[in-house]
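# A structural walkthrough
One letter stands for each residue in the lines below.
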Amino acid sequence: MVGMSGAYGGHNGSESRQTKEAVVVGAPEMGVVHKVASPPAQSTASKMKGKVKETFFPDDPFRSFKGQPQRAKLLLAVKYLFPVLEWAPGYTLSLFKSDLVAGLTIASLAIPQGISYAKLANLPPIIGLYSSFVPPLVYAVLGSSRDLAVGPVSIASLIMGSMLRQAVSPSAEPALFLQLAFTSTLFAGLVQASLGILRLGFIIDFLSKATLVGFMAGAAVIVSLQQLKALLGIVHFTTQMGIVPVMASVFQHTDEWSWQTILMGACFLVLLLTARHVSIRWPKFFWISACAPLACVIVSTLLVFLFKAQNHGISIIGQLKCGLNHPSWDKLLFDPTYLGLTMKTGLVTGIISLTEGVAVGRTFASLKDYQVDGNKEMMAIGLMNVVGSCTSCYVTTGAFSRSAVNHNAGCKTAMSNVIMALTVMVTLLFLMPLFVYTPNVVLGAIIIAAVIGLIDLPAAYNIWKMDKMDFLVCLCAFAGVIFISVQQGLAIAVGISIFRVLMQITRPRMMIQGNIKGTDIYRNLHQYKEAQRVPGFLILTVEAPINFANTNYLNERTKRWIEDESSSGNKQTELHFVILDLSAVPAIDTSGIAFLIDLKKATEKRGLELVLVNPTGEVMEKIQRANDAHDHFRPDCLYLTTGEAIASLSGFAKMATP
């Protein structure tokens, strides 16, 4: 190595350059060596504009405005804000027939679910029906999904009820609890609408697939366990959400168990689960699962009425007032005592319900091959919750079960939401007295049958097979929800997901490449067994941006490989060149440039030369800027491909070896 250093002196002087050029000229024929091209010159303003556009407008929503006259642009803008104008002018009778069937079908599911989910949130049952009336009308005007069926959902109901109950008892202070629910809904809507207006939807992407699978499964278990109060007829039940206190409460109050309630609950739960199984097994019978909840409500109400079961230990809903939504803007509470609680509840329920709604909308849009604008959906869901908070509604979004029924029933447009809302309106105006004798145990059975579908075992198994770290995130989300609390379990899962992303950033993939014999292809030695090391060369590649977070790791890892190669002691394979392939490095910052400069100096001290291969546009631009101040990377240190670099330098490596 000392002889090599003396031969070309680290290539800092003109003599070394002339020697290298002479060797290259005298080397065997290798074809044309392509130069690394510099990126086109761009102003700082144009670069910032491009980055902002890709960050906030990756879908380029204004591309249809280009080249259009002013009047057409105005019309397109109105249609963009109100998607109903895209399908309403061409609406036909045949479309209405399909939407009518779908709307009536989802209404049969929405009515019992609305009542059930309101009780899950510790709210009066009528609030659940109110929430199935106004929000769907708002979404029909502003939403871009044809299949999304809007209303209360189990997870958001559970989270809202559990978070607010920590500060206020729904039974001791029902009026205050209701005020806090409306205020939390307002904050949830503001958060959701703000994400859409500011085009910050990428924030919800931190809830990964693994996080959602574990969280939904854990929440489904907790929701189901909470229904043991209704299924067993227990009067005094714990207010905590964890599996341990819930099960402890169940067995501490065995004296309150009612065999009549248990029998009725078990029968209707079996009926609902059977209907769900039939619909899954034979999709054309989807209507069985859709109509089963309402049928159970009707049958159980008749049984209670005929046999006076309320006098034999079976609790009922009781009297519900007829009438449409009452204004509730005067019930919004901004008292500093509860402001922090309502804002936190609104943030958590808003993000969770928004994630569910956007995911459901995109899922069914892909099945019908049309596009759903995520930012439009955020604005639509947010505004309907803002309006809902002023019209006696609590948090709503697109529910998967209802949307699946809507899709299978053949909906064509968002008019199916309008049909559902009108059906709920008729119920609110004329049919509320019929629910007086509806037993609470049946509502509990309806909730269990609905949320059991959130436990996606095949998805969890696929995550286990694909990525054990992702499965750990899924498991942590599940365990956190069932053993601690819903919101803390979600926070743990998100924290682990973010930690994993940070680990990928700070510990990027870096590998040694070898040549596949007989080709000009260089690949990872560990992945391709046929790849072989090239004598005299250490070929490294980085598959991540190089920035301040990972330069120390990359520096240490590279120097360790160089030391390992240099300590082999084999003259035939003595190391002369370190090739750093930058093809997979999309970006670099000033710390990254400093890393390259320091690495070059370190290799020169060892009598080696650092060669960079295929730096991308941004990387090449910053290398040039570094060269403007100091000539760190000469043109003969930059190559377009690894093959060209080795072909150009191999003759010099042979000459340098004694």
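Predicted model, so just to flag it, every value in this text is computed and none were measured.

### Quick look at the layout of surface pockets
The space that makes up the largest pocket amounts to roughly 1,200 Å³. Considering the residues around the largest pocket, the lining is formed by 37 residues, among which F400, S401, A404, G453 and L454 are closest to the centre. A per-element tally of the lining of the largest pocket places helix α18 (residues 400-408) first, with 6 residues. Its residues assigned to classes, the lining of the largest pocket shows 23 nonpolar, 9 polar and 5 charged. For the lining of the second largest pocket, the secondary-structure elements that each account for two or more residues are α6 (93-120), α9 (154-165), α10 (174-197), α12 (228-232) and α20 (440-451). Broken down by element, the residue count for the lining of the second largest pocket peaks at 5 residues, all from α20.

### Quick notes on the pairing of strand β3 (residues 510-516)
Of all the 7 residues making up β3, 7 are buried; the element is thus mostly covered by neighbouring parts of the structure. Relative to strand β6 (residues 537-542), β3 runs antiparallel, the two being bridged by 4 bridges. The residue of β6 that forms the bridge with Q513 is I539. As judged from the 3 bridges shared by β3 and strand β4 (residues 522-524), these two strands associate in the antiparallel manner. Paired with N515 across the strands is Y522, a residue of β4. Hairpin connection, β3 to β4: the antiparallel pair is bridged by 5 residues, and G518 has positive phi, about 85 degrees. Two strands pair when backbone bridges link them, and β3 and strand β5 (residues 531-532) are joined in this way by 2 bridges, in the antiparallel orientation. Across the sheet, I516 pairs through a bridge with A531, a residue of β5.

### Here we look at the packing of aromatic side chains
If you walk through the whole model with that rule in mind, you get 8 aromatic pairs. Aromatic pair F251 and W257: ring centres 6.2 Å apart, planes at 50 degrees, arrangement tilted. On the basis of relative accessibility, which here comes to 33%, the residue W257 falls in the partly exposed class. Relative to W287, the ring of F285 lies with its centre 6.5 Å away and its plane at 70 degrees, an arrangement referred to as edge-to-face. According to the relative accessible area criterion, F285 is partly exposed, its value standing at 31%. A cation over a ring is seen here: R281 above W282, with NZ or CZ 5.3 Å from the ring centre.

Each value, and the rule that gives it
Residues numbered from 1 in each chain as written. Predicted model: local features only at pLDDT ≥ 70, side-chain atom pairs only at ≥ 80, totals over all residues. Heavy atoms only, no water. 1 Å grid on protein atoms, 1.4 Å probe; cavity = no way out; pocket = protein on both sides within 12 Å on 5 of 7 lines; lining within 4 Å. Points joined across faces, edges and corners; volume = space filled by probe spheres on them. Helix = DSSP H or I, 4+ residues; strand = E, 2+ residues; numbered from the N terminus. Nonpolar A, V, L, I, M, F, W, Y, C, P; charged D, E, K, R; others polar. Buried < 20%, exposed > 50% of the residue type's maximum accessible area, 1.4 Å probe, protein only. Pairing = 2+ DSSP bridges. Phe/Tyr/Trp six-rings, centres within 6.5 Å; stacked < 30°, edge-to-face > 60°. Lys NZ or Arg CZ within 6 Å of the ring centre and 35° of its normal.

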